[in-house]
Amino acid sequence: MDEKARKDLVDRLAPTMVWDSAAGQALSEAAGGVVLRPDGIRLPYLAELKNEGFVAACTISLAERVLMLIRSLRNTGLPD
């Protein structure tokens, strides 16, 4: 992959609809990445049409570190 085109992390902490994230999740996971909800669970598509945000990362450890940072910031009362 061209390093200029590579993106290690994408966060979307506002709600989206499944059709806005499905293709991106498929491409990310096919390339070895992970897409997680804010609670750390893989972004699902069976029950809801609305996603409550997500973090897409090149590795699970990067995604988990970012989610921990987001939770920490939210617990301090800082604005999103």
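Refer to the structure above for everything that follows.
We now turn to the structure provided with this report. This structure is a prediction, so every number in the text was calculated from the model and none was measured. (Residues numbered from 1 in each chain as written. Predicted model: local features only at pLDDT ≥ 70, side-chain atom pairs only at ≥ 80, totals over all residues. Heavy atoms only, no water.)

## Regarding the side chain of Thr16
One can find Thr16 in strand 2 (residues 16-17). Excluding anything up to four places from it in sequence, Thr16 contacts Ser21, Leu49, Lys50, Asn51 and Phe54. (Helix = DSSP H or I, 4+ residues; strand = E, 2+ residues; numbered from the N terminus. Contact = heavy atoms within 4.5 Å.)

## Some thoughts on the environment of Ala56
Topologically, Ala56 is positioned in strand 5 (residues 54-57). Sequence separation of Ala56 and Asp11 is 45 residues, and the distance between their C-alpha atoms is 6.2 Å. Ignoring anything within four residues of it in the chain, the contact list for Ala56 reads Asp8, Leu9, Val10, Val34 and Val35.

## Section: the sheet that holds strand 3 (residues 34-36)
The three strands lie next to each other as 1-5-3, forming an open sheet whose pairing is antiparallel. Strand pairing shows two members of the sheet lacking a second neighbour, strand 1 (9-12) and strand 3, which therefore form its edges. This sheet shows a mean twist of 10 degrees between the axes of neighbouring strands, independent of strand direction. The pairing of strand 3 with strand 5 spans three bridges and is antiparallel. Directly across from Val35, in strand 5, lies its bridge partner Ala56. (Pairing = 2+ DSSP bridges. Axes fitted to C-alpha atoms, helices over the stretch in contact; angles between N-to-C directions.)

## Details of the environment of Leu43
Secondary-structure assignment places Leu43 in the loop between strand 3 and strand 4 (50-51). In this structure the C-alpha to C-alpha distance between Leu43 and Val18, which are 25 residues apart in sequence, comes to 9.3 Å. The residues contacting Leu43, other than those within four sequence positions of it, are Ser21, Gln25, Val35, Leu36, Arg37, Asn51, Gly53 and Phe54.

## Here we look at the layout of surface pockets
A volume near 190 Å³ is recorded for the second largest pocket. Forming the walls of the second largest pocket are Arg37, Pro38, Asp39, Leu43, Pro44, Ala47, Glu48, Lys50, Asn51, Glu52 and Gly53. Residue classes in the lining of the second largest pocket are distributed as four nonpolar, two polar and five charged. (1 Å grid on protein atoms, 1.4 Å probe; cavity = no way out; pocket = protein on both sides within 12 Å on 5 of 7 lines; lining within 4 Å. Points joined across faces, edges and corners; volume = space filled by probe spheres on them. Nonpolar A, V, L, I, M, F, W, Y, C, P; charged D, E, K, R; others polar.)

## Concerning the nonpolar core
In this structure, Val34, Leu36, Val55, Ala57, Leu62, Ala63, Val66, Leu67 and Ile70 together form the largest nonpolar core, which totals nine residues. Those elements that provide at least two residues to this core are strand 3, strand 5 and helix 2 (60-75). Take this core: its biggest share by element is five residues, from helix 2. (Core = buried A, V, L, I, M, F, W, Y, C linked by side-chain atoms within 4.5 Å. Buried < 20%, exposed > 50% of the residue type's maximum accessible area, 1.4 Å probe, protein only.)

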